[in-house]
Structures are given as structure tokens and as C-alpha cells.
Amino acid sequence: MICSKCGGYVPENDLRIFNGSVMCANCFEEMCQGKIGKSMDDFFNLPLEKKAGMIFNMSNLDFGNSALTCPKCGTSLKEIETEKRVGCIECFNTFGNAISKILLKEQGSTEYLGRTPAKYDPEAKADIKTDEIKDILDPKVSAAAEEDKGSLTAEDKIEQIKNDFYEGKIADLPDEELKEALAAAVAAEDYILAAKIRDELNNRKEGGNDEVV
Amino acid sequence: MRWYENEGIDSDVVIMTTAVVSRSINGTPFVPKMKKTDFDHVKAEVDSAMKGLPMERLEGGKIDLTKMEQLMRDRVLMTEGAELSENSVIYTDEKSALNVFVNFSEHLTVEARSAGFDLDVADRADKFASMLESKLDISFSEKYGFLNSNLTDTGTGLRIFAMVNIPGICRNERGVEVVSKRCQQYDWKLAAPFKRAGAAGIFFILSDAMLGVSGSGIKENGRQLIREIIDLERKCRLEIAGGNTAMYKDLYARAYGTLKYATVQQPLEILTNLSNIRIYKNYLDNSQDQEDREDLPFEISWKTINMITGEICRECMGDRPRNRALPAANKKRAKTVKEYLKGDD
């Protein structure tokens, strides 16, 4: 807290409040001795309800800081403290200490350990290629899944292709994979599945009439 | 194929993983203090940066109902139009697996999603954000990192969510409390995505801190934490179902029957039934005993379970409780569940 008379820092356990103003012990004593403002007699002469009201409303006191606003966007400290949101970058300069306290309270640290923006990081900038972004937009099957696929037995392959049929995924499979599945289905004498794969392969060809088997 | 139509890894416990990266453009006030000209400026800047990418651009306030329904089904939006101002823009890819929100709570929010447990979403979102950073002037300070309007988003700007269904842990005394404390040790959080979600064992496990930890640190912490939770949940499920196989087999069959044939279904009822299915299905997947499979003439895949769970959670997160309780909504929901189950038949 800040003393309303001398502007000095007042520890919470040593503050004095008079007529809604926070004071340090020295200023309060001086005021009581008549050096500053009115004497304490004024306070003691107030009606009991008023005295009680002043004491119970201490939590609503305005300590001066909340009137501070950002010169660029007009956000006040009170808004930042209640909403945990700032209005512009300038707020970080204007309310630096208060924001540090909020960040410490909310995130447990104020130390930034992340990367710099790609614009200022030549290595990162060189790393980003349009093709890669297209890959991000169309993520391929993860490496682990690819490995699993490679180690499938003929029986598993047939089971997988059956599932793909039922789930409508068959359209996504490349021709090579379908041909492999067709061979596996014929070897396993699963002719119903083989016929389905053959039809799918035929449909992919122009006209859809060419026989594969 | 949409992102949620993949089965995903560890999908018996993790329904989906999402990574969100927030960025703000330098020299423009943040969203709460923006004027029309500022919104237009941000839109123009982002449009030029996104030029040439195979993404659909949807202008807020101009999205037709069919598209809106699709966005909701794809979990891009939670509520119909409620969060869309005319100043906002959404870029979405073909599978709705990567979306860019412009002028929502921050200037730019890149969101990557995947079914099951897949922390690569963080790399995808971060890589995409890097691409935007190389083309735009992004707010950054060496002290605080990426500056955003929300002070909780200041720092790396990266947040990872995993939506999990942990009925096994929830049925153990103090199970949720233990998981919650474990999350705190990793600087992560356990949160219920909507009211009464905890009763059905649905939770978000989400990264909390953006300062004091790097992007890769957040990812690594998440990997360890979520792996621990998955293992614990599986153990709990096996213990619960193994302890009373006959009862959980019956609950499994009853739950499936209700989901398949009930004509009116409430969200919590559906989620509880799915939890019962999860517990016994995990047990069934690990059991070699033929007796455990007897009298169960149906199959339900993890993909279907997760698709239904995801859809019900989306509805609960977006809609008001009063709307969800309407008879028409209960009827429509029952029909939707049946449609999903048809896929497994």
C-alpha cells in the first residue's frame, strides 16, 4: 500500500486508515498531533454507525493505482486485474509490475523459455517449406502405424481390407495396395472379398469395364 | 474423411487431442479494444499470409446453415453462430484437422486436432504458426514471449488438451483427486468440459503454464502425464470388470441395447452407458476366455464409441442445459446414436 500523505510504502501490517485514506504510522501520528489535516478527535466524534461503516468498508478503498490507464488503449489496471486481459502491447509497458505479478500468480513463472518468432530466426525461417505446410494440412499415417502396416500377416491384411470396405475407407487406398490385397484374398480363397476388390479396381479404370482378374 | 473418423492411438481412453497456438499481430490493439478498421486490417494481413494454401475461408456471419452444421459436427464450432461475429474468419482444411481462427479471442488462433492420443498435433499447430510468423509481424517480447490479450495465453502461446474418458479411475475412491494432483505436478490441469461431465468420467487434461517451460517441455510433460493416466485407467478397468465379470458383462450388453434401441436418450445416460461399454470392452480385449464373449452377438469399435462420445460432449459444451432436456432433442440424439451404431453393424 502507498501512504496517501507522504507517498511512501506502507507494509500491510502497519497501515492506518483515517477517513478512507491509507497512511503510514508516522503520518498518522503527525496527523493526530495536529500537524497534518484534522485531529483524530473528528473521527472519535463521528456517530457510531459512520465509524463502523468506515471500518467495514476498508476493502472497497481506492488506493490510487486503479486510476492508472494505458495511454494507448485506455485499459485500466483494475480491468486487467479483474479480467486478466490487456488491451494492447503498450499495456505491458504501462503495467509491467502488475502484469508480472499476475503472470507469476497465474502461471507460476515469468521466465520465457520458448522459441523466437520465425521471422527473427533465420534457421526456423529456412526450415519452413510450402510442401511441409501442405503435409501438415494432410497428415500422413504416423510412422508407427506405417511400421505396423508393413508387418501385417496375410490374414491381418484381409481382415483390414474387410474393415476398410465396411468403413468406406477403400476409396482412400492406392491401387498397389488393393492389388496386393486382391492377391492375398485369392490366396486365402476369400472369393467374395476378392470380387469386391476387383470391382473397386475396375471402377477406378476409365469406363470401369476392364477385367483385372 | 474427417479427422474424427480415424480410430487413433490409445482411443480406449483418449477421445481426442487438440493443440492451440495463439498469436497477435504487432501494432494493432488486442481483440477487446479493436475497432472495425482494426478487425479489417487483421483480416487483410492474415488473408495475404494464407494465400495459396489449400484451406477453405469462411467469413463469420456469412456461413450458411449447412456449413454451420458441418462445422459443428467437425467440432470446429461448439455452438451455432453464437461465437461468430461478422469480423471473424475461419480457415479450415479438408478434414477440419487444422483450423485457423481470426479475430476470435486473439487475433490468430491455430488449432490442430487428432483422434485418440496424438501429441504430434502440437508440432503441426506450431509449424503452421511458424509459417504465419514468417509472413506476419507478430507481437513478441524477449521477456514474456508471444504477447496476447489473455495473460494466461502469454508466453509460448501453446496449449494442449486431451479429452479423456476415465470411468475406471472415477469409480475408485479418491481416484479423480489423485489424477488431479498428478496433473498439478506436471503444471497441467484436470478440468470437466461441462457441468456433470465428471459424473460420466469425461475430463480435459490440459497444459496450464506457458511461461517457465518451452513448447517441447509442455509436449514432453503431456506425454508422460497422459501415458500414466492411460495405464492407470486400463488397470482400473481390468480390475473393476475382472472383479465382477458377470455384472459388467450384463452392464455392457444392457448399455449397448439401450444405445441401440432406446428412442429417447439423455446426454448423461448415453455417456454413462458408453463408460460401461468401455470398462467391459477393455476387459474383453485382454481376455482369452471364450465364456466372456458368450451371448454377446454384437461388436462395437473404439472409433464408434469415441465418435458418439465426442458428439454428445460437443452438444453438452455448446448447448444450454434447458435445450438439451427438450423431448425433441432427446429423440434426435437417440436417432444420431443409432446412426453411428449402424456403421459397426
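Residues numbered from 1 in each chain as written. Chains lettered and ligands numbered in written order. Predicted model: local features only at pLDDT ≥ 70, side-chain atom pairs only at ≥ 80, totals over all residues. Heavy atoms only, no water.

J.: Now, about helix H12 (residues 191–204) of chain A: what can you tell me, with residues and values included?
T.: Quick reminder: α-helices carry 3.6 residues per turn. Residues three or four places apart thus point the same way. Relative to the 20 Å expected for 14 residues at 1.5 Å per residue, H12 of chain A spans 20 Å between its end C-alpha atoms, a close match to the ideal helical length. Along H12 of chain A, the residues classified as buried are Leu193, Ala194, Ile197, Glu200, Leu201 and Asn202 of chain A. (Helix = DSSP H or I, 4+ residues; strand = E, 2+ residues; numbered from the N terminus. Expected span 1.5 Å × (residues − 1). Buried < 20%, exposed > 50% of the residue type's maximum accessible area, 1.4 Å probe, protein only.)

J.: Any details on the environment of cysteine 3 of chain A? Residues and values, ideally.
T.: Residues and elements named next belong to chain A. Here cysteine 3 shows up in the segment before strand E1 (16–18). When its relative accessible area of 3% is taken as the criterion, cysteine 3 is described as buried. In this structure, the C-alpha to C-alpha distance between cysteine 3 and phenylalanine 28, residues 25 residues apart in sequence, is 9.6 Å. When neighbours within four sequence positions are excluded, cysteine 3 is seen to be in contact with Gly8, Val10, Val22, Met23, Cys24 and Cys27. (Contact = heavy atoms within 4.5 Å.)

J.: Outline the sheet that holds strand E2 (residues 56–59) of chain B, supporting the account with residue identities and numerical values.
T.: Residues and elements named next belong to chain B. Judged by pairing direction, the sheet is antiparallel, and its 8 strands sit side by side in the order E2-E3-E4-E5-E1-E8-E10-E9 without closing on themselves. With one partner strand each, in any of the chains shown, E2 and strand E9 (188–191) form the two edges of the open sheet. Strand-to-strand, the axes of this sheet are offset by a mean angle of 20°, without reference to chain direction. Against the sheet, helix H5 (residues 175–185) touches E9 and strand E10 (202–207), its axis set at about 150° to E9. (Pairing = 2+ DSSP bridges. Axes fitted to C-alpha atoms, helices over the stretch in contact; angles between N-to-C directions.)

J.: Could you give me a rundown of the packing of aromatic side chains, with the residues and numbers involved?
T.: All names here are of chain B. Summed over the entire model, instances satisfying the criterion amount to 11 aromatic pairs over all chains. Between tryptophan 3 and tyrosine 4, the ring centres sit 5.5 Å apart and the planes meet at 90°, which makes this aromatic pair edge-to-face. Taken as a pair, tryptophan 3 and tyrosine 4 share a single burial class, namely buried. On the basis of an interplanar angle of 5° and a centroid distance of 4.0 Å, the ring pair of tyrosine 256 and phenylalanine 298 is categorised as stacked. Within this pair, whereas tyrosine 256 is found in helix H7 (residues 245–261), its partner phenylalanine 298 is found in the loop between helix H8 (267–286) and helix H9 (302–318), the two being separated by 42 residues in sequence. (Phe/Tyr/Trp six-rings, centres within 6.5 Å; stacked < 30°, edge-to-face > 60°.)

J.: I'd love a proper account of the confidence of the model for chain B, names of residues and values included.
T.: When pLDDT is low, close inspection of the predicted coordinates is not appropriate. Summarising the model, chain B shows a mean pLDDT of 89, and 97% of its residues fall at 70 or more. Across the interfaces of the predicted complex, the ipTM metric reaches 0.82, alongside a pTM of 0.73. (pLDDT = per-residue confidence, 0-100.)

J.: Which residues make up a negative patch on the surface, and what values do they have?
T.: All names here are of chain B. The grouping of Asp289, Glu291, Glu294 and Asp295 at the surface amounts to a negative patch. Topologically, aspartate 295 is positioned in the loop between H8 and H9. Residue class for aspartate 295 comes out exposed when judged on its relative accessible area of 69%. (Patch = residues over 30% accessible without salt bridge, like charges linked within 9 Å, V, L, I, M, F, W, Y side chains within 5 Å. Areas by Shrake-Rupley, 256 points an atom, 1.4 Å probe, with all protein chains shown as cover. Salt bridge = Lys/Arg side-chain N within 4 Å of Asp/Glu carboxyl O. Lys, Arg positive; Asp, Glu negative; His and termini not counted. Charge placed at Lys NZ, Arg CZ, Asp CG, Glu CD.)

J.: Outline the pairing of E10 of chain B, supporting the account with residue identities and numerical values.
T.: Residues in a regular strand project their side chains so that they alternate between the two faces of the sheet. Residues and elements named next belong to chain B. Of all 6 residues in E10, 6 are buried; the element is thus mostly enclosed. On E10, burial covers both faces: Ile202, Phe204 and Leu206 on one face and Phe203, Ile205 and Ser207 on the other are all buried. Here strand E8 (residues 158–165) pairs with E10 via 5 bridges, running antiparallel. Within the sheet, the bridge partner assigned to methionine 163 lies in E10 and is phenylalanine 204. By the bridge criterion, 4 bridges tie E9 to E10 in an arrangement that is antiparallel.

J.: Explain the pattern of salt bridges residue by residue, including any values.
T.: Any two side chains of opposite charge can pair, so long as their charged atoms come close to each other. Evaluated as defined, the whole model comprises 31 salt bridges over all chains. Between aspartate 126 of chain B and arginine 115 of chain A there is a salt bridge, with the nearest N and O atoms lying 2.9 Å from each other. Residue aspartate 126 of chain B is found in helix H3 (residues 120–135), and its partner arginine 115 of chain A is found in the loop between helix H6 (96–107) and helix H7 (122–127); the two belong to separate chains. Aspartate 126 of chain B gets classed as partly exposed once you look at its relative accessible area, which sits at 24%. Note on arginine 115 of chain A: relative accessible area 26%, which makes it partly exposed. One salt bridge in this structure joins arginine 333 of chain B and glutamate 315 of chain B, with 2.7 Å as the shortest N-O distance. Residue arginine 333 of chain B is located in helix H11 (residues 327–344), and its partner glutamate 315 of chain B is located in helix H9; the two are separated by 18 residues in the primary sequence. Each member of the pair, arginine 333 of chain B as well as glutamate 315 of chain B, is classed as buried. When salt bridges that share partners are traced, they join Asp10, Asp12, Arg227, Asp231 and Arg234 of chain B into one network.

J.: Let's hear about the environment of arginine 171 of chain B: which residues, and what values?
T.: Residues and elements named next belong to chain B. In this structure, arginine 171 sits in the loop between helix H4 (167–170) and H5. Residues arginine 171 and cysteine 236 lie 65 residues apart in sequence; the distance between their C-alpha atoms is 8.4 Å. Among residues more than four places away in sequence, those in contact with arginine 171 are Ile240, Tyr248, Ser275, Asn276 and Ile279.

J.: Tell me about the interface of chain A and chain B, and name the residues and values.
T.: Contacts between the two partners involve 44 residues from chain A, matched on the other side by 54 residues from chain B. Where chain A abuts chain B, roughly 4,200 Å² becomes buried across the two surfaces, and 62% of that area is made up of carbon and sulfur atoms. Along the contact surface separating chain A from chain B lie 3 salt bridges. Linking chain A with chain B are 15 residue pairs in polar contact (both at pLDDT 80 or more), by the criterion used here. A total of 7 residues in the side of chain A that touches chain B trace back to one element, the largest contributor, which is H6 of chain A. In terms of residue class, the side of chain A that touches chain B is built from 19 nonpolar, 10 polar and 15 charged. (Buried area = accessible area lost by both parts, 1.4 Å probe. Polar contact = N/O pair within 3.5 Å; in protein donor to acceptor, adjacent residues only side chain to side chain. Nonpolar A, V, L, I, M, F, W, Y, C, P; charged D, E, K, R; others polar.)

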